[in-house]
Amino acid sequence: MSNSGNKIGLVLEGGAMRGMFSAGIIDVFIENDIKFDGVIGVSAGAVIGINLLSKQKGRALAFNLQFIRDKRYMSLSNLIKTGNMMDKDFAYYTVPVKYYPFDFETYRASGTPYYACVTNLETGEAEYFEVTDFDFGMEVLRASSSLPFVSTPVMLGGKPYLDGGVADSIPFEHMFELGYDRLVVVLTRDSDYRKSPMPELPVKLAYGRYPAFEHRLLDRHNEYNESVARLSELEKEGKVFIIRPPSPLGIRRTERDLEKIKDVYNRGTARGKELLDKMKEFMARD
């Protein structure tokens, strides 16, 4: 955690399988015993980042390499049968309990608040849940990472939620609102990337019954690009430290090529090691 008395937070962008870049960075943090005063993740970032607090180096890479081609984990047949490309029971309960048990005791003992961002379909607004217990926490992580068009809404407290990245792709502003002074922000896009608008018809057909969510999806490119521009300003002001890939990762959101998955992970570890000392200086600064 910060040496200066300031609160330092970690923010993790999503991006489906681009999250393997973040997984590599997280493992560098674990190796070097890097601690933050609070962590927030969205979508894949939420699912992967939680391993930092449980100190389970290599876990995210291992279960993706083992199961990404397993139809029980993710498949078109799951989508046709259930409306979810990813099998929720297998991916969020069987794998983290039976195959790669999540160390919730170590996670809880860290004492570090961990938040996941979700999008409320009825309001179109981002909401932020702290993950404090396993069962509800898994549902929050599932909601945060449930991509539109290939996932059915996840019900939390009787309300429908999907991918947090729709309403807040990079939830740095929320961390400032919570009282964090400076942030380390892990992005999964290179600095030249700008999001393009989505075609309207599929959005209207899929989410016309949720007009606020529909509007958020159609305006997402503007909000994302504005967030990236704001982060660049904050980086110049010394309030954020950005870790991002130096070039496009070249991986599909639902990538199944194991070599590409390992390559993106390795690029994450390389980038994390390259920027580690500069990041430590940023975190220690008064």
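The structure presented is a predicted model; accordingly, all values stated were derived computationally and were not measured. (Residues numbered from 1 in each chain as written. Predicted model: local features only at pLDDT ≥ 70, side-chain atom pairs only at ≥ 80, totals over all residues. Heavy atoms only, no water.)

## Here's the deal with the nonpolar core
The tendency in soluble globular proteins is for nonpolar side chains to be buried as a group.
Part 1 of the reasoning: Residues L10, M20, F29 and F36 are the most contacted members of the largest nonpolar core, which totals 61 residues.
Part 2 of the reasoning: Apart from residues lying up to four places away in sequence, M20 is in contact with I48, A60, L61, N64, I261, V264 and Y265.
Part 3 of the reasoning: Counting 16 residues, the second-largest nonpolar core is a separate cluster that includes I40, F172, Y224 and L231. (Core = buried A, V, L, I, M, F, W, Y, C linked by side-chain atoms within 4.5 Å. Buried < 20%, exposed > 50% of the residue type's maximum accessible area, 1.4 Å probe, protein only. Contact = heavy atoms within 4.5 Å.)

## Some thoughts on the layout of surface pockets
Part 1 of the reasoning: Considering only enclosed or pocket space, the largest pocket measures out at about 900 Å³ in volume.
Part 2 of the reasoning: In terms of lining, the largest pocket is formed by 44 residues, of which the most central are A16, S43, M86, S145 and L147.
Part 3 of the reasoning: Counting residues per element, the ones that place at least two in the lining of the largest pocket are α2 (44-54), α3 (59-67), α5 (88-99), α7 (134-144), α10 (211-218) and α11 (220-236).
Part 4 of the reasoning: A class-by-class count of the residues in the lining of the largest pocket yields 28 nonpolar, nine polar and seven charged.
Part 5 of the reasoning: In terms of lining residues, the second largest pocket is bounded by 19 residues, among which A167, D168, R216, E223 and S227 are the most central.
Part 6 of the reasoning: Every element with two or more residues in the lining of the second largest pocket is listed here: β4 (126-130), α8 (172-177) and α11.
Part 7 of the reasoning: It is α11 that provides the largest number of residues to the lining of the second largest pocket, a total of five residues.
Part 8 of the reasoning: Among the residues forming the lining of the second largest pocket, the class breakdown is seven nonpolar, four polar and eight charged. (1 Å grid on protein atoms, 1.4 Å probe; cavity = no way out; pocket = protein on both sides within 12 Å on 5 of 7 lines; lining within 4 Å. Points joined across faces, edges and corners; volume = space filled by probe spheres on them. Helix = DSSP H or I, 4+ residues; strand = E, 2+ residues; numbered from the N terminus. Nonpolar A, V, L, I, M, F, W, Y, C, P; charged D, E, K, R; others polar.)

## A closer look at the pairing of β4
Part 1 of the reasoning: Pairing analysis gives five bridges linking strand β3 (residues 114-120) to β4, with the strands arranged antiparallel. Looking at β4, one finds that T119 is bridged to A126.
Part 2 of the reasoning: The hairpin formed by β3 and β4 contains five residues between the paired strands, and G124 there has a positive phi angle of roughly 75°. (Pairing = 2+ DSSP bridges.)

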